[in-house]
Amino acid sequence: MLGIVFILFFVLIFLGVPLAACTALPSILPYVADNTFTGNYQFVLRAVVSALDSTSLIAIPLFMLSGSIMARGGISRRLFDVFAYFIGEVTAGIPCAVVVTCLFYGAISGSGPATVAAVGAMCIPILTKLGYDKIFSTALVATAGGLGVIIPPSIPFIVYGVACGVSVGDLFIAGIVPGILVAFVLMLYAYLYCKRRGEDKEKIRANHQELKKKGCLRVLKEGFWALLTPVIILGGIYSGIVTPTEAACVSIFYAIFVCLAFYKSMKLKELPAFLAGAVKSYAPMCLLLGFGGAFGKILHLLHAPEIISDYLTSTIDSKVLFLLLINVVFLFLGMVGETTSGIIIMGPVILTAAQSFGVSPIHFGVILIINLAIGLVSPPIGVNLFVAAPLVGESPMRIAKAAVPFMLFFLAALLIVTFVPQLSLLFL
């Protein structure tokens, strides 16, 4: 029966059935086939409600709302100007400033596609104006946007924490060093690219002089409130003052206050539209989380974690091979599936096997999320590609080809994080 359930699940995905239905239908299949099975319709409905009965999940729409308000407030532009002021004139300084902007904006939005949309719409025109290749610029933003799901606060970390019963706060802490490492390797490739291809130094110098005319203090003053955002969110969580959910709520009030009082980039009457947008964005994910949680409980009733764990431990006797295997599995899931479904379906199932090999649930979560971050820029489903490509009027596949070198460096960082768990567990 377990094999039939998985076959139905993947067939539905292949046919393009909505993801919530891809988890709902396999959840009721065992009872339809055998009415003595414990997981009847009532069990599935209770499991859906139970899966959504978590205060940690409330953080997801709150961070979505906060991110959309800050995007409207021009936070990404002010962040970029700060970093471009200090490193804009060095080789690959502007592309590196884009990566660092994605890193900081990811610490605000918690979403890869949101980071690509906000940073890309502002940075890609600047990069092309300064003489950088349009396709390279778009691939850079699409790949660096993956930092939005690695650097805390990360929406996928919240989903994994709830699905696998792992502390969301600990996951946030664990994502800091790997996120910085990924940003570093992406900047390294950008440097090598610019060193080999060259840059239009005259345009870059002219752009930097315009920033210089503003003066350091003015640039820092304009970017201060933007730079302070991740400090408030993450500082509140790590100091124990607020929980991740409370921090998400604080971030909304902070975003509204900054955009209304300081940047004056938003009007109070616009707030209802942002609230409606957050609900519309979260509703499909909420449905998926509910049925995904129910599907996970059905898999437990079918002893899927134990069966898969026993199979892996009996066929693989090396922790190194196991870690390589799960990277391949999750890279594939990231390429063909949706991030949230990959976490809630396969995360708890493979976690049992990972723990039998002595892998920490926190470290496993970081590995999983980095793999899925690479999947965001990998065809055929790579969401970041479909967000970035329309910004320049190009096909997602053309952007994907240009992103391959970035992805190879991304993979190098993934292997380092995989086999050096101390990077994820350093502050725990």
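Described in the following lines is the structure provided in the data block. Keep in mind it's a predicted model, so treat the numbers as computed, not measured.

On to the overall build of the chain, then. For the chain, the count of helices and strands is 22 helices and zero strands. Relative to the globule expectation of 22 Å for 428 residues, the C-alpha radius of gyration of the chain, 22 Å, shows essentially globular dimensions. Oriented by its inertia axes, the alpha-carbon framework of the chain measures out at about 75 × 50 × 40 Å. The proportion of buried residues among the 428 residues of the chain is 54%. By element, 69% of the accessible surface of the chain is carried by carbon and sulfur atoms, the whole surface being about 17,700 Å². Charge separation in the chain, taken as the distance between the mean sites of 25 positive and 18 negative side-chain charges, equals 13 Å.

For the rest of this paragraph, the subject is the pattern of salt bridges. Under the criterion given, the structure shown has nine salt bridges. Close ionic contact of E222 with K214 constitutes a salt bridge, the shortest N to O distance being 3.4 Å. For K214, a relative accessible area of 29% gives the class partly exposed. Within this structure, R77, D81, K214, R218 and E222 form a network of salt bridges that share partners.

This next bit is on unusual backbone geometry. With omega at -5 degrees, the peptide bond leading from P152 into P153 counts as cis. Relative to the elements of secondary structure, P153 occurs in the loop between helix 8 (134-144) and helix 9 (155-164). Residue A92 is not a glycine yet carries a positive backbone phi of 65 degrees. Here the phi dihedral of H303 falls at roughly 60 degrees; this positive angle occurs in a residue that is not glycine. Mapped onto the fold, H303 is located in the loop between helix 15 (271-301) and helix 16 (304-315).

Moving on, we come to the environment of F184. When you line up the elements, F184 lands in helix 11 (residues 176-197). Residue classification places F184 among the exposed residues on the basis of a relative accessible area of 51%. Residues F184 and I150, 34 residues apart in the sequence, show an inter-C-alpha distance of 13 Å.

It is worth spelling out the packing of aromatic side chains at this point. Throughout the structure, instances matching the rule amount to 17 aromatic pairs. Here the aromatic rings of F322 and F357 are separated by 4.5 Å at their centres, their planes lie at 15 degrees, and the arrangement is stacked. Pair noted here: F322 is in helix 17 (residues 319-336) and F357 is in the loop between helix 18 (339-356) and helix 19 (361-375), with a separation of 35 residues, a long-range link. Aromatic pair F330 and F364: ring centres 5.9 Å apart, planes at 65 degrees, arrangement edge-to-face.

Turning our attention to the side chain of N384. Here N384 is to be found in helix 20 (residues 383-392). With relative accessibility at 0%, the residue N384 sits in the buried group. From its side chain, N384 meets the backbone oxygen of A142 in a polar contact 3.0 Å long. Ignoring anything within four residues of it in the chain, the contact list for N384 reads G112, P113, V116, A142, G145, G146 and L376.

Attention shifts here to a nonpolar patch on the surface. On the surface, a nonpolar cluster with roughly 530 Å² of combined accessible area is contributed by V320, L321, L324, L415, I416, F419 and V420. Looking at the nonpolar patch, the elements that each hand over two or more residues are helix 17 and helix 21 (396-419). Structurally, L321 is set in helix 17.

The biggest cluster of nonpolar side chains holds 153 residues, and the ones touching the most others in it are I60, I69, F80, Y160, L299, F322 and F364. When residues no more than four places from it in sequence are discounted, the contact partners of F364 are Y160, I326, F330, G347, I350, L351, A354 and V359.

This part takes up the environment of F104. With respect to the helices and strands, F104 occurs in helix 6 (residues 93-109). Residue F104 is classed as partly exposed on the basis of its relative accessible area of 26%. C-alpha separation for the pair F104 and D133, spaced 29 residues apart in sequence, amounts to 24 Å. Not counting the four nearest positions on each side in its chain, F104 is found in contact with L79, F83, L227 and P230.

Right, let's get into helix 20. Along helix 20, the residues that are buried comprise N384, L385, A388, A389 and V392. Viewed end-on, helix 20 has its buried residues packed into an arc of 120 degrees, placing them on one side of the element. Turning to helix 20, the residues buried within the fold contact helix 7 (112-129), helix 8 and helix 21. Following helix 20 by one or two positions, G393 has its phi on the positive side, about 70 degrees.

Two elements in contact, helix 20 and helix 21, have axes whose closest approach is 9 Å; the angle formed by their N-to-C orientations is 105 degrees. Between helix 20 and helix 21, the interaxial angle falls into the category roughly perpendicular. Residue-level inspection shows L385, F386, A389 and V392 of helix 20 in contact with helix 21, the latter providing P396, I399 and A400. A per-class count over the contact of helix 20 with helix 21 returns seven nonpolar, no polar and no charged.

Empty space within the largest pocket amounts to approximately 590 Å³. Contributing to the lining of the largest pocket are 30 residues, with M64, S111, G112, P113 and A114 lying nearest its centre. Top element by residues in the lining of the largest pocket is helix 4 (residues 55-72). It accounts for six residues. Residues belonging to the lining of the largest pocket are distributed by class as follows: 19 nonpolar, 10 polar and one charged. Roughly 280 Å³ of volume is contained in the second largest pocket.

Criteria and thresholds
Residues numbered from 1 in each chain as written. Predicted model: local features only at pLDDT ≥ 70, side-chain atom pairs only at ≥ 80, totals over all residues. Heavy atoms only, no water. Helix = DSSP H or I, 4+ residues; strand = E, 2+ residues; numbered from the N terminus. Rg over C-alpha atoms; globule rule 2.2 N^0.38 Å. Buried < 20%, exposed > 50% of the residue type's maximum accessible area, 1.4 Å probe, protein only. Areas by Shrake-Rupley, 256 points an atom, 1.4 Å probe, with all protein chains shown as cover. Lys, Arg positive; Asp, Glu negative; His and termini not counted. Charge placed at Lys NZ, Arg CZ, Asp CG, Glu CD. Salt bridge = Lys/Arg side-chain N within 4 Å of Asp/Glu carboxyl O. Phe/Tyr/Trp six-rings, centres within 6.5 Å; stacked < 30°, edge-to-face > 60°. Polar contact = N/O pair within 3.5 Å; in protein donor to acceptor, adjacent residues only side chain to side chain. Contact = heavy atoms within 4.5 Å. Patch = residues over 30% accessible without salt bridge, like charges linked within 9 Å, V, L, I, M, F, W, Y side chains within 5 Å. Core = buried A, V, L, I, M, F, W, Y, C linked by side-chain atoms within 4.5 Å. Arc of directions from axis to C-beta. Axes fitted to C-alpha atoms, helices over the stretch in contact; angles between N-to-C directions. Parallel < 35°, antiparallel > 145°, perpendicular 65-115°, else oblique. Nonpolar A, V, L, I, M, F, W, Y, C, P; charged D, E, K, R; others polar. 1 Å grid on protein atoms, 1.4 Å probe; cavity = no way out; pocket = protein on both sides within 12 Å on 5 of 7 lines; lining within 4 Å. Points joined across faces, edges and corners; volume = space filled by probe spheres on them.

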